[in-house]
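# Structural overview for review
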Amino acid sequence: MDLNLATVSQFTPREKLLYDKIRKKESALCKLRRKCRKNLKFVYDEVNTLTEDISTSLNAEGIRLLKGIFRNSKCRPKGRRWNFEDKMLALSLLKRSPKSYSFLRLLLPLPSRRTLQSVLSNVHFTAGINAHVFGALQHSLQKMSDRDRYCCLLFDEMSIRENVRFNQKVDCIEGFEDCGTERTRSIANHALLFMVRGLHRKWKQPVAYYFIRGSTKANLLVRFLNEVLGACQNAGLQVVATVCDMAANNVKALKLLGATRRKPFFKFQDREIVTVYDPPHLLKCTRNLFLKYDVQFESERIHNRPFVTAKWEHILNVYKWDKQKIVRLLYKLTDAHLAPVAQDAMKVSLAAQVMSHTVGATVNSVSSEGKEHCSAFTVFVMRHNIR
């Protein structure tokens, strides 16, 4: 406060009293400022000492996160500032577990979801082979051993809602059929995704996607497979297998590539790539076919019978018998397991439970007691090792 001291002698008694109070307050304020500077310097020294002590047991990312938390701990939510490395680390935490990240934000000052989404909006993803994804993947592969580069290529398509919208950032109308290098005027209602997953090391990464009108044609799928496999090979990945479901277009595409029932593989750039059908889908198909048809096979476990027949009514009869018991053996089975309709027919868990080892053992015990003649179902389950 700037006062004209030449006029102090001219103050009235009341003014002089107020002047003395102001001077005392200013003196106390100066003392508090010096004390705060001293305490703040002490806090900074303690934080630096704590950071140095923790740095011996944490990696660089953990130290960077702690420094960002200490730096923004006293700031208001809208006044916090984060560098690019802090945002990338927070984004990896958010993608690992969104619920855990929301809980951590209640305890620690971390970047908001809107801040992290603005970072993602700067990366433009397009249909087809994405150069950004393979560039980042190639950078990560430099730290991997040759063994960790072995992976399998998974692909599947799903139906999506037809929708058209204008993207202002790229000045483009999205929602039409997009094959990466060419677009059509047809509105897409299916999305096809390719993803690679490590075999020796646990990692996975989506690498390409396409928007299609209707199910992908087999010849078009062959083209996509060649594009993605070529990009994976150029990036340094060692793709040894493909995994997909048994859709008609997938089966036909693999046949066009040269895969057969006796030789389930095809060659790409002088390398053999094994074709594998999705085990959960195979399990659902087995259950669905078993609902309609009986299964006849040879068995050495049932004497004096060269061929045995497993029927769905075997498990159905045992289920009806078990429902009448007070203490049930097949307590997990419900009517949705035995007569799946609509979405229940697509659930892998229902097929896995009804074709499980526990159900087979229960049916075997009932058969041994002479209540139901259904040993063939038990042999069928044990033979396929469905658990």
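This text follows the structure it describes.
As a starting point, this report considers the structure included with it. Keep in mind that what you see is a predicted model, and the values were worked out from it rather than measured.

Take the pairing of strand β2 (residues 150-159) next. Look at any regular strand and the pattern is simple: side chains alternate between the two faces of the sheet. Both β2 and strand β9 (residues 238-244) contribute to a ladder of five bridges, which runs parallel. Within β9, the position partnered with L154 by the bridge is V243.

What follows covers the packing of aromatic side chains. Applying the stated criterion across every chain, the model contains five aromatic pairs. Considering the side-chain rings of F194 and Y210, the 6.0 Å spacing of their centres and the 85° angle between planes classify their relative orientation as edge-to-face. With F194 in strand β7 (residues 190-198) and Y210 in strand β8 (residues 204-212), this pair connects stretches of sequence that are 16 residues apart. Site record: aromatic cluster; members linked through ring pairs are F155, F194, Y210 and F224.

Time to look at a nonpolar patch on the surface. A cluster of nonpolar side chains, F103, L106, L107 and L108, forms an exposed patch at the surface whose accessible area comes to about 450 Å². Within the secondary structure, L107 sits in helix α4 (residues 98-107). Among the residues examined, L107 registers a relative accessible area of 56% and is labelled exposed.

Further remarks concern helix α7 (residues 218-235). Counted at 1.5 Å a residue, the expected span for α7 with its 18 residues is 26 Å, and the 26 Å between its end C-alpha atoms agrees. Looking one or two places after α7, you find G236, whose phi comes out positive at around 110°.

Next up on the list: the nonpolar core. Counting 38 residues, the largest nonpolar core has F194 and V207 as the members making the most contacts within it. Where this core is concerned, the elements lending two or more residues are α6 (131-141), β2, β7, β8, α7, β9, α8 (248-257) and β10 (265-268). Looking at which element gives the most residues to this core, the answer is α7, with 11 residues. Setting aside anything within four residues of it in sequence, one finds V207 in contact with G128, N130, V133, F134, L137, F194, M195, V196 and V228. L283, L330, A376 and V381 belong to the second-largest nonpolar core, a separate cluster that totals 23 residues.

A word on the pattern of salt bridges. Working definition: two side chains of opposite charge can pair if their charged atoms are close together. Scanning the entire structure with this criterion turns up eight salt bridges. A salt bridge links R23 to E26; its shortest N-O distance comes to 3.6 Å. Here E26 and R23 lie together in helix α1 (residues 13-55), a separation of three residues that amounts to about one turn. For E26, a relative accessible area of 22% corresponds to the partly exposed category. Taking the shortest distance from any N to any O, the salt bridge between E162 and R213 comes out at 2.5 Å.

Glancing now at the pairing of β9. Most of β9 is tucked away, with five of its seven residues classed as buried. Where β9 and strand β11 (residues 271-277) come together, four bridges link them in parallel fashion. The residue of β11 that forms the bridge with T242 is T275.

Further remarks concern the side chain of T242. Among the secondary structure elements, T242 is positioned in strand β9. Residue T242 is classed as buried on the basis of its relative accessible area, which comes to 0%. Setting aside residues up to four positions removed in sequence, T242 forms contacts with L153, F155, L254, F266, I273, V274, T275 and V276.

Conventions and cut-offs
- Residues numbered from 1 in each chain as written.
- Predicted model: local features only at pLDDT ≥ 70, side-chain atom pairs only at ≥ 80, totals over all residues.
- Heavy atoms only, no water.
- Pairing = 2+ DSSP bridges.
- Helix = DSSP H or I, 4+ residues; strand = E, 2+ residues; numbered from the N terminus.
- Phe/Tyr/Trp six-rings, centres within 6.5 Å; stacked < 30°, edge-to-face > 60°.
- Patch = residues over 30% accessible without salt bridge, like charges linked within 9 Å, V, L, I, M, F, W, Y side chains within 5 Å.
- Areas by Shrake-Rupley, 256 points an atom, 1.4 Å probe, with all protein chains shown as cover.
- Salt bridge = Lys/Arg side-chain N within 4 Å of Asp/Glu carboxyl O.
- Buried < 20%, exposed > 50% of the residue type's maximum accessible area, 1.4 Å probe, protein only.
- Expected span 1.5 Å × (residues − 1).
- Core = buried A, V, L, I, M, F, W, Y, C linked by side-chain atoms within 4.5 Å.
- Contact = heavy atoms within 4.5 Å.

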